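A structural walkthrough
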Amino acid sequence: MPARDVVSWSTLISGYVKCGRAANALELYIQMQQELVEADNITFLSVLNACACLSALEEGRLVHAQIIHRRCESDSFVASSLIDMYGKCGNIKEAVRVFNNMPVRTLVSWNAMIVSFVKCRQAKNAFELFQRMQCEQIEPDCVTFVGVLNACASMGAIEEGRHVHAQVLQRGHKSNVIIACCLVDFYSKCGSIEDACKVFNDAPSQDVAYWNAMIAGHRKCSQGKSVFELFYQMLHQGIKPDSLTFVGVLEACACVTAIEEGRQVHAHIIQIGFESDNFLMSCLVGMYAKCDSIEDACRVFNHILLPDLVSWNSLILGYLKCDLAEKALELCQQMKRQCVQPDGTTFVAAIKACGQIAAIEEGRWIHSQIIGSSHESDLIIGTCLVEMYAKCGSIEDASRVFNIMPVHDVVSWSVMISGYVNCGDGDSALDLFRMMQQDGVEADKVSFLAALNACAIIRALEEGKYVHALIVRSVYESDIAVGSCLVDMYCKCSSIEDASSVFNTMATHDVVSWNAMISGYMNCGQAEKALELFWEMQEQDVEPDQVTFVATINACANVAALEEGRRIHELVIRSRGMPNTILGSCLVDMYAKCGSINDAWRVFNHMPARDVLSWNAMLGGYAMHGLGKEAFRLFEKMCRNDVAIDSMTIVYLLSALSRAGLLDEGCYYYESSTPVYVSPVEVEHHGCMVALLGRAGHLDEAEDIINSMPCHPSISIWMSLLAACRVHGNVKMGELVAKRILVLDPESACSYVLLSNIYGATGNLGGKEKVQKIRTKRHVYKQPGQSWIEVNNCVHTFVVNDKEHPKIEEIRAELQSLYGRMKAAGYVANRDFEPHEAKEGKNDFAQHFHSERLAIAFGLITTPPGTPLRILKNLRVCVDCHTTTKFISKIVRRTIIVRDLNLFHHIEDGVCSCGDYW
């Protein structure tokens, strides 16, 4: 053309947009500006439409600036196009600003704003705007009703949607195909397929569009079988399906993984002659991939003569669905070599593939391809980049991408918050959650779950209660996943009462919510409650999973509930067959902690596969029971089997050798653990060696090890040396060690007790009294002693001088009888050592009723003669109770197994496996 005016430029730009070539339209607009042709309103409408199609926010902002410069912003059509552009680019704030600044709003502008709210997942705002529009007497049209019905569908607001439906009928839009299809979609998304069917049956004529809407509706309600019935009913009535029909049916096949039905639909596609429809072929690729038949997906793809972008994307997404991220990335490279330009979907799939396999370098390369392109400001791509960097462990990169994103929606906020949670940064996660609130973004399920997990990580109870209050005011209060997360948060914040309250008010419970409450009781030291809840779960026929079994097996271990542990073991076998390595290791640990080392070995020996955790569990069991030689043999077998030894393996080995008094062997493995077994010497290794040397009476050498440690020794290591000083009567060193402990922890009740016992054992009553006075002055009190015994599948708990147990009188009578027999056998009460029970030691009567003695007496009167008794105590057994238990075992001819804070005491015929050293 010899001369091109604004009309000719605008006509060609508009033509490009209508033909789906928005990028060419933008290029032409730039050329038009370079030739100094001033755009008019028609030009601006086309260019804004192009920006909207490409989600090109930055280009849209530049056009907006030119519109302001040309003073065209007051034009209602231009303003409406600006609202539409910002909405489609995800910048709802700018869309609202343009809308609010309009001097006169037309129906088109109201519609643009409603649709933008829906597009940006702000359905509530869309519905409120519709109500405001009605208050201002603006008559809605078909576009309005479609937008509002979509908003109601997003919110699941069925009553509000029914009210809109009534207005549709009132205004005579019943026969409008688009609205009718939208109503079918709305009712389907709200789960009311009956109402959807009623709209369909009331339609004056049921053309293919109505059938497509019904097929899509049933698919959204996960009624795959009904979709297939509708499809064949449609064929029977002579309605010829179009490509959208096949898309809906194929999506239904994918949703229910109905590959055979999918193959039948594939045959119909060939029969009708739609094989050349690339979009339909792409749907076939996707269907086969979602049905886990990636070979069929590849076969269809390879038969497409000229695969377009949609086809490539379908196969890339298929590989991603089948967890073949490497293949997905290879296909992206192949696509690039064939000069097919990626779009937003391609980038999203490629970024997700990088996140799936933590391929951060590939992710950075893909990110570099996005920078400078029209996709740079795309909300979904930005969100995927944040998620990818977070999954790859680079939270700094994730935060950097998030901060430069031009807009954020609830999904991008949630992804960033979850990223902080997954890397353990609960504080930053909560800060971001508060920022989201301040930004006016309404939290969704994912962001609530992330915020609750953040509270759980940092034990932020008050913040957790604040999030809970927000949930109560939202639509997620009754959501079972949110309820389970609330239970977990309160448990981890040690507020078991709040957790129980939430759990009890939940309308329904799934296995996750049961697990959260059971684990919560366990972590708060209420193992009996955890077991009660597990059996209640069984009564309600909820199938336990691995998490349930791990928690309940550990609960049995914590209270030495051997019989309950055996019952749960049977349930594991009945529901899951032979236990895997995780459950097997837990069972080994449970049996060992319940005092049945033979059962522990039996489970270990029958495990089909073992990892280092399994070997460590068995080794730890031997250590607990003081079986050093058995532990040594197991360790050698472990080495022969080429098991990768870790630091805990050496800890358990040294602990076992220490408790068995095998000094030479312990010294050898302590000195050679790093070069021979590639396990770094850690604090626990030094602690085991201190205990071993202390037991052998080499107190100076034990102290040398502590003083030569490369890191600060823990209080438990000093306590081990102090205990050795008590046993060997080394007052001077005991005093020095006790002072060291009290500097580290002035509230350490055990150090006062042990030092007092050292003075008592050496006859230094003045020193003993002085220690007790200092402790009283500082208000340092010992943890109350508790003991547990399981009888007839029920765990009984006892405290010192217990008065609450229903059989307490019989128990006391049994103890008084035993004391008479013990004295006749030569028993003399030991008053040199201060007992470990709270507020005890001042009279013989209280000492007679220590918690483990009550548990033993109860076991004697409630079990048949000769039955072994298994007692669990939360503190170290005091010297006099240890002596008493040995006398009782000999008098009544019973094996008594006591697990205290440190180790197991297997007492039989008056002899203890610990060799009177503990």
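Residues numbered from 1 in each chain as written. Predicted model: local features only at pLDDT ≥ 70, side-chain atom pairs only at ≥ 80, totals over all residues. Heavy atoms only, no water.

The subject of this paragraph is the overall build of the protein chain. Looking only at helices and strands, the protein chain has 50 helices and six strands in total. Whereas a compact globule of 918 residues would reach a radius of gyration of roughly 29 Å, the protein chain reaches 37 Å, over 25% beyond that. When the 918 residues of the protein chain are sorted by exposure, 53% land in the buried category. For the protein chain, the accessible surface area stands at approximately 41,700 Å², while carbon and sulfur atoms represent 52% of it. Distance between charge centres in the protein chain, computed from 82 positive and 106 negative side chains, equals 6 Å. (Helix = DSSP H or I, 4+ residues; strand = E, 2+ residues; numbered from the N terminus. Rg over C-alpha atoms; globule rule 2.2 N^0.38 Å. Buried < 20%, exposed > 50% of the residue type's maximum accessible area, 1.4 Å probe, protein only. Areas by Shrake-Rupley, 256 points an atom, 1.4 Å probe, with all protein chains shown as cover. Lys, Arg positive; Asp, Glu negative; His and termini not counted. Charge placed at Lys NZ, Arg CZ, Asp CG, Glu CD.)

Strand order in the open sheet made by the six strands is β2-β1-β3-β4-β5-β6, with mixed pairing throughout. Taken across any chain shown, the strands that pair with only one partner, and hence form the sheet edges, are β2 (794-799) and β6 (911-912). Examined bridge by bridge, strand β1 (residues 786-791) and β2 share six bridges and lie antiparallel to one another. What sits directly across from S787, in β2, is F798. (Pairing = 2+ DSSP bridges.)

This part is about the packing of helix α4 (residues 57-69) against helix α5 (residues 76-88). The interhelical angle for the contact between α4 and α5, taken along N-to-C directions, is 160 degrees, at an axis separation of 11 Å. Comparing the axis directions of α4 and α5 gives the class roughly antiparallel. Two packed elements cross with a definite hand, and for α4 against α5 that hand is left-handed. Seen from α4, the contacting residues are L57, G60, R61, H64 and I67; seen from α5, they are V78, L82, M85 and Y86. When grouped by side-chain class, the residues that make up the contact of α4 with α5 number six nonpolar, two polar and one charged. (Axes fitted to C-alpha atoms, helices over the stretch in contact; angles between N-to-C directions. Parallel < 35°, antiparallel > 145°, perpendicular 65-115°, else oblique. Left-handed = near helix turned anticlockwise from the far one by under 90°. Contact = heavy atoms within 4.5 Å. Nonpolar A, V, L, I, M, F, W, Y, C, P; charged D, E, K, R; others polar.)

Counting 283 residues, the largest nonpolar core has L315, I351, F433, V487, M517, I553 and L721 as the members making the most contacts within it. If you look at the next biggest cluster of nonpolar residues, it comprises 31 residues, including Y827, I856, F858 and V877. (Core = buried A, V, L, I, M, F, W, Y, C linked by side-chain atoms within 4.5 Å.)

So, on to the packing of aromatic side chains. The full count for this structure, using the stated rule, is 21 aromatic pairs. Seen from their ring centres, F231 and Y232 are 5.2 Å apart, and the 70 degrees between their planes marks the pair as edge-to-face. Given a relative accessible area of 1%, F231 falls into the buried group. Through successive ring pairs, a cluster of aromatic residues spans F231, Y232, F246 and F274. The ring of F99 carries R105 above its face, with NZ or CZ at 4.6 Å from the centroid. One Lys or Arg, R610, reaches over the ring of W615 and ends 5.6 Å from the middle of that ring. (Phe/Tyr/Trp six-rings, centres within 6.5 Å; stacked < 30°, edge-to-face > 60°. Lys NZ or Arg CZ within 6 Å of the ring centre and 35° of its normal.)

The buried fraction of β1 amounts to five of the six residues, a majority that puts the element mostly inside the structure. Between β1 and β2, which follow one another and run antiparallel, lie two residues, and N792 among them has a positive phi close to 55 degrees. Alignment of β1 against strand β3 (residues 869-873), held across three bridges, turns out to be antiparallel. Considered in β3, the bridge of S787 is made with K873.

Once that is clear, we can look at the side chain of E790. Structurally, the position occupied by E790 is in strand β1. One buried charged side chain, E790, makes no salt bridge at all; its nearest oppositely charged neighbour is R567, positioned 6.6 Å away. A distance of 2.6 Å separates a polar side-chain atom of E790 from the backbone nitrogen of L562. Among the polar contacts made by the side chain of E790, one reaches the main-chain amide nitrogen of E563 at a distance of 2.6 Å. (Salt bridge = Lys/Arg side-chain N within 4 Å of Asp/Glu carboxyl O. Polar contact = N/O pair within 3.5 Å; in protein donor to acceptor, adjacent residues only side chain to side chain.)

A word on helix α6 (residues 92-101). Residues of α6 that are buried: I92, A95, V98 and F99. For α6, the angular spread of buried residues about the axis comes to 125 degrees, placing them on one side. Buried residues belonging to α6 abut α4, α5, α7 (107-119) and α8 (123-135). (Arc of directions from axis to C-beta.)

Here we come to the side chain of S46. Mapped onto the elements of the fold, S46 is located in helix α3 (residues 41-54). For S46, a relative accessible area of 10% gives the class buried. Contact partners of S46, with chain neighbours within four places excluded, come to S10, I13, S14 and V17.

Before going further, it helps to examine α8. The terminal C-alpha atoms of α8 lie 19 Å apart, and with 13 residues this matches the ideal 18 Å at 1.5 Å per residue to within 8%. If you check which residues of α8 are buried, you get A123, A126, F127, L129, F130 and M133. Around the axis of α8, the buried residues are gathered within 155 degrees of arc, so they sit on the same side. Where α8 is buried, its residues meet α6, α7, α9 (142-155) and α10 (158-170). (Expected span 1.5 Å × (residues − 1).)

All chains considered together, the criterion is met by 35 salt bridges. A salt bridge links E136 to R132; the shortest N-O distance between them is 3.6 Å. Look at E136 and you get partly exposed, because its relative accessible area is 39%. Classification of R132 as partly exposed rests on a relative accessible area of 33%.

Its identity as a non-glycine residue notwithstanding, L36 has a phi of 60 degrees, on the positive side. Located in the positive-phi region is D292, a residue other than glycine, with phi close to 65 degrees. Mapped onto the fold, D292 is located in the loop between α17 (278-290) and α18 (294-303). When its relative accessible area of 53% is taken as the criterion, D292 is described as exposed.

Turning to the packing of helix α37 (residues 612-624) against helix α39 (residues 647-659), a few remarks are in order. At their nearest, the axes of α37 and α39 sit 8 Å apart, and the two run at 15 degrees to each other. By the criterion of interaxial angle, the relationship of α37 to α39 is roughly parallel. Where α37 crosses over α39, the two elements pack in a sense that is left-handed. The segment α37 lies against α39, with V612, N616, L619, G620, A623 and M624 engaging M648, T649, Y652, L653, S655, A656 and R659. Looking at the contact of α37 with α39, its residues break down into eight nonpolar, four polar and one charged.

Structurally, T548 can be placed in helix α33 (residues 546-558). According to the relative accessible area criterion, T548 is buried, its value standing at 1%. When the C-alpha positions of T548 and S519 are compared, they lie 8.0 Å apart, and in sequence the two are 29 residues distant. Apart from residues no more than four positions distant in its own chain, T548 is found in contact with V511, N515, I518, F534 and M537.

When you line up the elements, Y827 lands in the loop between α47 (808-824) and α48 (844-848). Taking C-alpha positions, Y827 is 8.2 Å from T883, a pair spaced 56 residues apart along the chain.

What follows covers the state of the cysteines. By the definition in use, this model includes zero disulfides. We note that C339 lacks a disulfide partner, and the nearest cysteine sulfur, in C332, lies 15 Å from it. In this structure C339 comes out as exposed when scored by relative accessible area, which is 65%. The thiol of C688 is not disulfide-bonded; the next cysteine sulfur, from C667, is found 12 Å away. On the accessibility criterion, C688 (11% relative accessible area) is buried. (Disulfide = S-S within 2.5 Å.)

Here L583 is to be found in helix α35 (residues 581-593). For L583, a relative accessible area of 0% translates into the label buried. Sequence spacing of L583 and Y781 is 198 residues, and the spatial spacing of their C-alpha atoms is 38 Å. Dropping the residues within four chain positions of it, L583 is found in contact with Q546, F549, V550, I553, V572 and R576.

Just distances and angles here, no functional claims.
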